[in-house]
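Observations on the three-dimensional arrangement
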Amino acid sequence: MAKQTFQGRPVVAGDIDGNALVSKQPFNTTSSYIDNIWGGVTDSAPCTDQDNKELYQKDLNGVILCTPQTIGSSMGGGCLMAVAGLGVAPKAMLFSHHIDGVSAAGIVMANVWQEKPIITIDLLGDDFMNAVKNGDPVSIKEDGIVEVG
Amino acid sequence: MTKGTPDYARYAERQSDMLGLGPDGKPDPNYDATAIGVTPTLTAYDPSKPPPQMKLTQEEQDILDGKKGKAHAKVMRTLVDHGNLFGATKLVDLGGAPHTSFFTGTPAMSPLIELFTECADEGLKAYAPYTVNPRPHDLYNVETSPDEQIMIFEGYPLQLEVDHLHVRLGGRNLDTRSCMCYLPEVGNAPKKGTFVAWAESSAINAGNSILGIRTNRNSCGMDLMCALAGKAPYFGLMTDEGRKAKWLIEVKTSGEPDWGVLGGAIGEKCVEDPPFIVGIDKYFDGKITPQNVHKLKAMGAATASNGAIGLYHVENLTPDALDKGRDLLVKDYQTYVIDDAEIERVRSTYPNLWPENVKKPNRAYIGCPHNTYQEMMNWGTGILDALKARGQEKIALPTHMFSATVVRDHVFMEHPVMMRDLKKAGVTFTNTCVVCFSGLKGYSDTEFGVTNSNKTRKYSNSIYLKDDDLLEVIMTGELPT
């Protein structure tokens, strides 16, 4: 596929390459990490959100997660910190919309307090979500450029 | 794979606001809300014009540079980084007192417990003694069977750590634990215009709307972070622009509306944008009083839980609306008319989540958010009058009345005989949080509640009823036909 380039805003800046894991529907943070938070799972991050048919039971550990934005309980920020602490957080989160307050709190606190940054870009636009597919190679640049393909 | 995740944990985390579900209960790919209470104006990023970073005072910069301690510097860094994401122009000094929703000792809270312990170890404290949401269980009055107690101990294993931490950071006594921090008995009601950084969706909603204070819709953790700094990033609902209404809500019901359903309708329609509501001030005798504030509480909490609204205005009634009237509306506002038919349409969409073979409730929940003194009186006299009229000694359905301990004590001091008679009739008084246990799957398997709270309905399997119908069910144990 032809490489496509998108410009977003660096929330937590960084350079990283990987493959996309896509949730076209908003990603429910807390619902997705139940096994890590309550179940004692520490070596992987199986998605536990049964409402998310695209991601349910897929391992979220170390992925580049692409989604419009995140939703759900205000514990979501704490959950992101928890999986970052376990070392099974996404290595990057890419939002097509403006980042929401819950994820922003968790991502900022994980970066500041745990020094375990989850590279995060938001405002990538609807075209990004329309273009990116599961498994696509993704290259993230420090300045918020995201290359897909 | 699961290594023992309890079923009730799975269930509980699917019950929250900001779920992004459409009217059919299925995920809505177009759901768009940022949880901060205002839709951000920034929709794209132009690297040639990066958004301005907030300006700091010299004192704030010194803190950021670590001159007042390592943890203090990280608190400041968190506020600055978070605020910059939402276009904050500066930090503002906070007044009044904080209110936090950091109240559940679930394993998910472990990282927050660690970081706030680091703050406490450095000697940081909130800028004023603060109020905290209710504890999530009450082993004295509500969850008393061995199985229920085990669920609580396993679901909230870090509860004592959270309680301990609040004492160290400046939290107030447990008898003030409540989501209704602004009641006179609890006493956390900052003056109009005061900047605070509260969490708890219903308290934020009421604080901004009823008190006229200025707080964003903070997530758990950010509230306490701001409390320790005594400052908050200035954006969103703290600004004049962010407090403008994008919706005109015209209420045209034939009589006093069902406040819970009205709020639910507004929340579903507006999601997180502030509404300006007209047509309901006539039900308040000219002003908000301790005798009628529960109507706004019921409506507001429903807007905040069925949607994600952090501020509403009521024409001729709420502080901002009294000051500015319809000038609060943005130019291109949308209009939503709510009449009797719309109330009933919205009510008809509320599902019955009980198994088909369950036809009778086994608990009644009154007080979500927590009851006011007036509500305790209304329900207390209502229940006792109904018992007398029917010649009954006891109610047919176990009924829990939820309130802060200090509110319950106020009623007890003024009306001890009524409280004694209610207790004898089978009413339980508790200061816990109804949605924290009624939403647990272990409870939803065995407990089938009825409630007058649209928030409890939203977060649990409970059935929402009008007040008159709920009283009848409490007397008979049977659902209305």
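Above this text is the structure in question.
Now for a look at the structure at hand. (Residues numbered from 1 in each chain as written. Chains lettered and ligands numbered in written order. Predicted model: local features only at pLDDT ≥ 70, side-chain atom pairs only at ≥ 80, totals over all residues. Heavy atoms only, no water.)

1. With respect to the nonpolar core
- Formed by 93 residues in total, the largest nonpolar core has its most connected members in Trp113 of chain A together with Phe102, Leu112 and Phe116 of chain B.
- The element best represented in this core is helix α4 (residues 101–113) of chain A, accounting for eight residues.
- Composition of this core by domain shows at least three residues from each of domain 1 (10–238) and domain 3 (363–476) of chain B.
- Sequence-distant contacts of Trp113 of chain A, defined by excluding residues within four places in its chain, comprise Ala71, Lys74, Val75, Thr78, Leu115, Glu118, Cys119 and Met225 of chain B.
- Of all hydrophobic cores here, the second largest spans 72 residues; its members include Ile210, Ile309, Tyr373 and Tyr464 of chain B. (Core = buried A, V, L, I, M, F, W, Y, C linked by side-chain atoms within 4.5 Å. Buried < 20%, exposed > 50% of the residue type's maximum accessible area, 1.4 Å probe, protein only. Helix = DSSP H or I, 4+ residues; strand = E, 2+ residues; numbered from the N terminus. Domains from an automatic or database assignment. Contact = heavy atoms within 4.5 Å.)

2. Regarding the sheet that holds strand β6 (residues 275–278) of chain B
Residue and element names in this part refer to chain B.
- Taken in spatial order, the four strands of this open sheet run β7-β6-β5-β8, and their pairing is parallel. Strands with a single pairing partner mark the edges of an open sheet, and in this sheet they are β7 (313–314) and β8 (329–338).
- Bridging between strand β5 (residues 245–251) and β6 involves four bridges; their strand directions are parallel. If you follow Leu248 over to β6, its bridge partner there is Phe276. (Pairing = 2+ DSSP bridges.)

3. Re the packing of helix α13 (residues 373–390) of chain B against helix α19 (residues 467–476) of chain B
Residues and elements named next belong to chain B.
- Following both chains from N to C, one finds α13 and α19 inclined at 50°, their axes separated by 11 Å at the closest point. The pairing of α13 with α19 is recorded here as oblique in orientation. Between α13 and α19 lies a crossing of right-handed hand. Across from Trp379, Gly382, Ile383, Ala386, Leu387 and Arg390 in α13, the residues of α19 making contact are Asp467, Leu470, Leu471, Glu472, Ile474, Met475 and Thr476.
- Tallied by class, residues from the contact of α13 with α19 come to eight nonpolar, two polar and three charged. (Axes fitted to C-alpha atoms, helices over the stretch in contact; angles between N-to-C directions. Parallel < 35°, antiparallel > 145°, perpendicular 65-115°, else oblique. Left-handed = near helix turned anticlockwise from the far one by under 90°. Nonpolar A, V, L, I, M, F, W, Y, C, P; charged D, E, K, R; others polar.)

4. Thoughts on the sheet that holds strand β11 (residues 427–430) of chain B
Residues and elements named next belong to chain B.
- Strands sit in the order β11-β10-β9-β12-β13 across an open sheet of five strands; the sheet is parallel. Each of the sheet's edge strands pairs with one partner strand only, and the pair in question is β11 and β13 (463–464).
- Looking at chain direction, strand β9 (residues 363–366) and strand β10 (residues 399–402) are connected through three bridges and run parallel. Each residue of the ladder has a partner; that of Tyr365, found in β10, is His400.
- Sitting on the sheet, α19 is in contact with β9, β10 and β12 (449–451), with an inclination near 145° to β9.

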